[in-house]
Amino acid sequence: MAVKGLGKPDQVYDGSKIRVGIIHARWNRVIIDALVKGAIERMASLGVDEKNIIIETVPGSYELPWGTKRFVDKQAKLGEPLDVVIPIGVLIKGSTMHFEYISDSTTHALMSLQEKVDMPVIFGLLTCMTEEQALARAGIDEAHSMHNHGEDWGAAAVEMAVKFGK
Ligand SMILES: O=c1[nH]c(NC[C@H](O)[C@H](O)[C@H](O)CO)c([N+](=O)[O-])c(=O)[nH]1
């Protein structure tokens, strides 16, 4: 019996009235693009209009917290406020401690950002020890051994925006 992973939603949420921001890093781009595609496809399947999915990018995962804050502010100023935002980044362990410092600091910053922007900030940061782990979690490894985690993030975004929206 599969234990790990996102369980079935308690109901199917209608995303037709929400606006979602996706802000993604550009490091490890092949994996990023698969995750973003998975999130968009899942949100579209839940009724989110593709014109209500706004995409922004930053250089790397370390820039996600500040970039997300400014992205949310910019959309509000444009009169097109977001209901939820999905920062997406892929960190892959290298031979230094860079990975650990960025993973830890970015995770904490994204968690606390929710209070500042007063909206759900979905955790779309993959922190992987190997490239194979990252490919698998984007659903693009040879064996297709895992589902695309971007789909889970898209589903979480719709649920959190619909359930707890302002
Ligand atoms: O998004 C990532 N940024 C990475 N570094 C760049 C970092 O996020 C910043 O963009 C950079 O330090 C400039 O601030 C990564 N590594 O270093 O391995 C990585 O794996 N993923």
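Up top is the structure.
Residues numbered from 1 in each chain as written. Predicted model: local features only at pLDDT ≥ 70, side-chain atom pairs only at ≥ 80, totals over all residues. Heavy atoms only, no water.

**Focus on the layout of surface pockets**
Threshold: A 1.4 Å probe that fits into a set of points on a 1 Å grid over the protein atoms alone but cannot get out defines a cavity; an open set with protein on both sides within 12 Å along at least five of seven lines defines a pocket, and lining residues are those with an atom within 4 Å of a point. Grid points are joined across faces, edges and corners, and a volume is the space filled by probe spheres set on the points. Numbered from the N terminus, helices here are DSSP runs of H or I no shorter than four residues, and strands are runs of E no shorter than two. In this classification, Asp, Glu, Lys and Arg are treated as charged, Ala, Val, Leu, Ile, Met, Phe, Trp, Tyr, Cys and Pro as nonpolar, and every other residue, Gly included, as polar.
Reported here for the largest pocket is a volume of approximately 650 Å³. In this structure, the largest pocket is lined by 21 residues; those nearest its centre are Gly5, Leu6, Gly7, His147 and Asp152. With seven residues, helix α5 (residues 149-164) is the single largest residue contributor to the lining of the largest pocket. The class makeup of the residues in the lining of the largest pocket is 10 nonpolar, five polar and six charged. The volume enclosed by the second largest pocket comes to roughly 280 Å³. Lining the second largest pocket are 16 residues, and of these Trp27, Leu91, Ile92, His98 and Ile102 lie nearest its centre. For the lining of the second largest pocket, the secondary-structure elements that each account for two or more residues are β3 (84-92) and α3 (98-117). Residues that form the lining of the second largest pocket fall into these classes: seven nonpolar, seven polar and two charged.

**Concerning α5**
Applicable threshold: An expected span of 1.5 Å times one less than the residue number is assigned to each helix. In this scheme, a residue with accessible area under 20% of its type's maximum is buried, one over 50% is exposed, and one in between is partly exposed, where area comes from a 1.4 Å probe on protein chains only. The criterion used for residue contact is that any of the two residues' heavy atoms lie within 4.5 Å. The definition of a polar contact used here is a pair of N or O atoms within 3.5 Å, where within protein one atom must be able to donate a hydrogen and the other to accept one, and adjacent residues in sequence count solely through side-chain atom pairs.
If you check α5, its first and last C-alpha atoms are 22 Å apart, about what 16 residues at 1.5 Å a residue would give, namely 22 Å. Of the positions making up α5, those classed as buried are His149, Gly150, Asp152, Trp153, Gly154, Ala155, Ala157, Val158 and Ala161. In the core, the buried residues of α5 are packed alongside α1 (29-45), β3, β4 (124-128) and α4 (131-137). Of the residues flanking the start of α5, the one acting as N-cap is Asn148, its side-chain oxygen 2.7 Å from the backbone nitrogen of Gly150.

**Considering the pattern of salt bridges**
So the rule is basically this: Basic side-chain nitrogens of Lys or Arg form a salt bridge, by our definition, when they fall within 4 Å of a carboxyl oxygen of Asp or Glu.
Tallying each qualifying case throughout the model produces nine salt bridges. Here Glu56 and Lys74 are joined by a salt bridge, their closest N and O atoms 3.4 Å apart. A residue pair is termed long-range when its members are at least 10 positions apart, and Glu56 in strand β2 (residues 53-58) and Lys74 in helix α2 (residues 64-77) qualify at 18 residues. Asp73 is paired through a salt bridge with Arg70; the nearest N and O atoms lie 3.7 Å apart. Of this pair, Asp73 and Arg70 both sit in helix α2, three residues apart, which is roughly one turn of that helix. Asp73 sits in the partly exposed class, given a relative accessible area of 23%. If you follow the salt bridges from partner to partner, you end up with Lys69, Arg70 and Asp73 in one network.

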